[in-house]
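# Observations on the model geometry
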Amino acid sequence: MHIIRSKKRKFNLILCSLTTSVVLIISGIILILMRTFIHNKAMGKLHTLEPGEFTYDLFKKTPFDIYFDIYMFNWTNPEDFHDSTKKPVFKEVGPFRFQEIIEKTNITFHENNTISYNRTRRWYFKAEQSISDLDAPITTINPVAVSGAYTLRDQSFFMRKGFSVSLNSIMGRIDVTKSVGEMLFFGYDDVLINVAKTIPFVSKNLPPMDKFGWFYTRNNSNTFDGRFNMGIDDLTFGQLKNWNFAAHTPYYDGKCSEITGSAGDFFPKPLTKGNLNIFNVEMCRTIVMDYDGESSRKFMRGYQYTLGDHFLDNGTLIPENQCYCTGECVPYGMMNISLCRYGSPGFVSLPHFYKADPYYLNLVKGLEPSDRHNFYMILEPNTGIPLEIAARLQVNLMVRSVPGISLLSNINDIFFPMLWFEQVFKIPYSFAFGLFILLWIKEICIVVGTCMAMTGILVIYYIIYRICTTNICGKRRNKDLFIKELVPLNQEKDDAIPKILGYMKLVCNNIIL
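Bear in mind that the values here come from a model prediction, so they are computed numbers and not experimental data. (Residues numbered from 1 in each chain as written. Predicted model: local features only at pLDDT ≥ 70, side-chain atom pairs only at ≥ 80, totals over all residues. Heavy atoms only, no water.)

## So, the UniProt feature "transmembrane region" (unreviewed entry) in the protein
In the numbering used here, UniProt assigns the feature "transmembrane region" (unreviewed entry) to residues 12-34 and 444-465. Annotated as 100% helix and 0% strand, the span residues 444-465 places its first and last C-alpha atoms 31 Å apart. (UniProt positions renumbered as here; feature names shortened; annotations may be inferred. Helix = DSSP H or I, 4+ residues; strand = E, 2+ residues; numbered from the N terminus.)

## Structural notes on the pattern of salt bridges
Taken as a whole and judged by the stated rule, the model has 17 salt bridges. Residue Asp-69 pairs with Arg-97 through a salt bridge whose shortest N-O separation is 2.8 Å. Taken together, the positions of Asp-69 in strand E1 (residues 66-75) and Arg-97 in strand E2 (residues 90-109) put the pair 28 residues apart, joining distant regions of the chain. Overall, Arg-97 belongs to the partly exposed group, its relative accessible area being 23%. Linking Arg-372 and Glu-422 is a salt bridge whose minimum nitrogen-to-oxygen distance equals 2.9 Å. Of this pair, Arg-372 sits in the loop between helix H10 (358-361) and strand E13 (376-379) while Glu-422 sits in strand E15 (residues 414-426); the two residues are 50 residues apart in sequence, bridging distant segments of the chain. The partly exposed category is assigned to Arg-372, whose relative accessible area is 34%. Residues joined by salt bridges that share partners form a network here, namely Glu-100, Arg-119, Arg-121, Arg-218, Asp-225 and Glu-282. (Salt bridge = Lys/Arg side-chain N within 4 Å of Asp/Glu carboxyl O. Buried < 20%, exposed > 50% of the residue type's maximum accessible area, 1.4 Å probe, protein only.)

## A look at the packing of aromatic side chains
A full pass over the atoms with the stated rule returns 34 aromatic pairs. Between Trp-123 and Phe-215 the ring centres are 6.0 Å apart and the planes differ by 55°, which places this aromatic pair in the tilted class. With Trp-123 in strand E3 (residues 114-125) and Phe-215 in the loop between helix H8 (200-203) and strand E6 (227-231), the pair connects residues that are 92 residues apart, well separated along the chain. Where Tyr-291 meets Tyr-305, the ring centres are 5.8 Å apart and the plane angle is 70°; that geometry is what we call edge-to-face. Residue Tyr-291 is found in strand E9 (residues 285-297), and its partner Tyr-305 is found in strand E10 (residues 300-306); the two are separated by 14 residues along the sequence. One aromatic cluster in this structure is built from Tyr-56, Phe-59, Phe-109, Tyr-117, Phe-228, Phe-237 and Phe-266. (Phe/Tyr/Trp six-rings, centres within 6.5 Å; stacked < 30°, edge-to-face > 60°.)

## Section: the state of the cysteines
Tallying each qualifying case throughout the model produces 3 disulfides. At a sulfur-sulfur separation of 1.9 Å, the disulfide partner of Cys-284 is Cys-340. Taking the torsion about the S-S bond as the criterion, the Cys-284 to Cys-340 disulfide, at about 55°, is right-handed. In this pair, Cys-284 sits in the loop between strand E8 (276-280) and E9 while Cys-340 sits in the loop between strand E11 (335-336) and strand E12 (346-349), placing the two residues 56 residues apart along the sequence. Residue Cys-284 shares its accessibility class with Cys-340, and that shared class is buried. Residue pairing for Cys-325: its cysteine sulfur links by disulfide to Cys-329, the two sulfurs lying 2.0 Å apart. Taking the sign of the torsion about the S-S bond as the criterion, the disulfide between Cys-325 and Cys-329, at about 105°, is right-handed. In this structure Cys-325 comes out as buried when scored by relative accessible area, which is 2%. On the basis of relative accessibility, which here comes to 46%, the residue Cys-329 falls in the partly exposed class. In the protein, the bonded cysteines, numbered by position in the sequence, are linked as 1-3, 2-6, 4-5. (Disulfide = S-S within 2.5 Å.)

## Quick word on the pairing of E15
The buried fraction of E15 amounts to 10 of the 13 residues, a majority that puts the element mostly inside the structure. Looking at chain direction, E1 and E15 are connected through 4 bridges and run antiparallel. Its bridge partner lying in E15, Tyr-71 is registered against Trp-420. Summarising the sheet, strand E14 (residues 386-399) and E15 pair through 12 bridges and their orientation is antiparallel. Note that in E15 the partner of Gln-394 across the bridge is Trp-420. (Pairing = 2+ DSSP bridges.)

## Brief notes about a nonpolar patch on the surface
A cluster of nonpolar side chains, contributed by Val-22, Ile-26, Ile-29, Ile-30, Leu-33, Met-34 and Phe-37, occupies part of the molecular surface with about 670 Å² of accessible area. A per-element tally of the nonpolar patch places helix H1 (residues 2-33) first, with 5 residues. Within the secondary structure layout, Ile-30 lies in helix H1. Accessibility expressed as a relative area gives 46% for Ile-30, which makes it partly exposed. (Patch = residues over 30% accessible without salt bridge, like charges linked within 9 Å, V, L, I, M, F, W, Y side chains within 5 Å. Areas by Shrake-Rupley, 256 points an atom, 1.4 Å probe, with all protein chains shown as cover.)

## Quick notes on helix H12 (residues 441-469)
With 29 residues, H12 extends 41 Å from end C-alpha to end C-alpha; this agrees with the ideal 42 Å at 1.5 Å per step. Every buried residue belonging to H12 is among Ile-441, Cys-445, Gly-449, Ala-453, Gly-456, Ile-463, Ile-467 and Cys-468, and all of these are buried. (Expected span 1.5 Å × (residues − 1).)

## Details of the packing of helix H2 (residues 35-46) against H12
Axis separation between H2 and H12 bottoms out at 9 Å; the angle between their running directions is 145°. As for the relative orientation of H2 and H12, their crossing is right-handed in sense. Residue-level inspection shows Arg-35, Thr-36, Ile-38 and His-39 of H2 in contact with H12, the latter providing Ile-441, Lys-442, Cys-445 and Ile-446. Class assignment for the residues of the contact of H2 with H12 results in 4 nonpolar, 2 polar and 2 charged. (Axes fitted to C-alpha atoms, helices over the stretch in contact; angles between N-to-C directions. Left-handed = near helix turned anticlockwise from the far one by under 90°. Contact = heavy atoms within 4.5 Å. Nonpolar A, V, L, I, M, F, W, Y, C, P; charged D, E, K, R; others polar.)

## What about unusual backbone geometry?
Here the residue pair Gly-94 and Pro-95 is connected by a cis peptide bond, since its omega of 10° sits within 30 degrees of zero. Mapped onto the secondary structure, Pro-95 falls in strand E2. Following Lys-269, the chain continues into Pro-270 via a peptide bond in cis, with omega recorded as -15°. Mapped onto the elements of the fold, Pro-270 is located in the loop between strand E7 (240-243) and E8. For Asn-220, which is not glycine, the phi torsion reads 70° and is therefore positive. Mapping Asn-220 onto the fold places it in the loop between H8 and E6. Residue Cys-284 is not a glycine yet carries a positive backbone phi of 55°.

Printed below as a string of structure tokens:
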């Protein structure tokens, strides 16, 4: 009886092993055959924007730390402003680091396969990662005075003279010294803002704020960036359809007014080795980035795009860019955004006039352009997921001589650097690992499926080998390969096991012989 039970346990073990092996073989074959379906399903999830999905959570709120670094330009020789033989001298002060959190609010899905939303940005100062606190003083040209003079440049002499008298009595000088915090987010009071509000044709173009600050009223605002409408179907996923309920901006003419390109959250897939369009709300226009070759990050191949001719040229090399001039076409490397910024003479360039015409750098001292100031993006071509982004731009004011305004009379025209900022993003290792698995999922399915099938085959071979070399079959070689009845119907169940093992014994002995 003990022998029968022992053989029964061995038989159950063999049966279980055989079943597992067959399952492994079949599963491995299915995994190999289904690899394309699995790949397409996983890729489809990346471009499915539905509540509860992983991609939706990424879209709704920044899932990782993003830092926003600001560098100020301190003007060290304002006393020489009216000396035409001397150039303005600047010293870069920074970085002042802020953690940026971006959240989408007022999200609405539409039946035409689009989604509308507002964007809220929050900045938190990181003193321990900054060069100093926000109380550090910065001297620069007075942006309010320069903007006022620029607005009045074509008005009557008496209008300009009246502004000049007010400017001299209130300010007395063209430079201003404020803390970094006031210059950026806190804002500071400027009497000229109140004066401007009393001038009808000036007040209608004034921004809705009572103080001046480059980012004043913007922190934690869900309306400053406007209302976005973005496509979410396969053909237009991530592409901006409307901004502020319109398909064209009022700040540029012709093709330059069209709202096209990525909204900044998702990029088209697969990418091409051509231009990449991104709509930028700070400039109220589409940024066209040039393809700049391939680059690898975290063992993954990416396409690199950079700001080049299609963004920096004002019509000389790229004729269709001329409509971005808005009446002030300037040498290569400077973009006019004055109409987008309430009529102030605002211009955008790469930091330290990098890649720009030498004309700008020859007007000042203290700026040192280098590759450190490049603006580029590296995107994984199959998914459009950013592997690395270095977004860097500089804000400048165009300062021109305005007859009738004494503080701005008889001066050299200059593009005054105010500040520059950068936002560097590198895909976290946790996300990079998941993306790596996704990109190689077909190959992984083949390897895993093959391993499963081979494991099943090896287990079956091992079972046969063990049967043929252990006492299950016995060591005697029986040449009788015939059995009249393997399991007689009138036998008890326990008698069936020895019969089956006996049959396997004969098969094994025959194999050995």
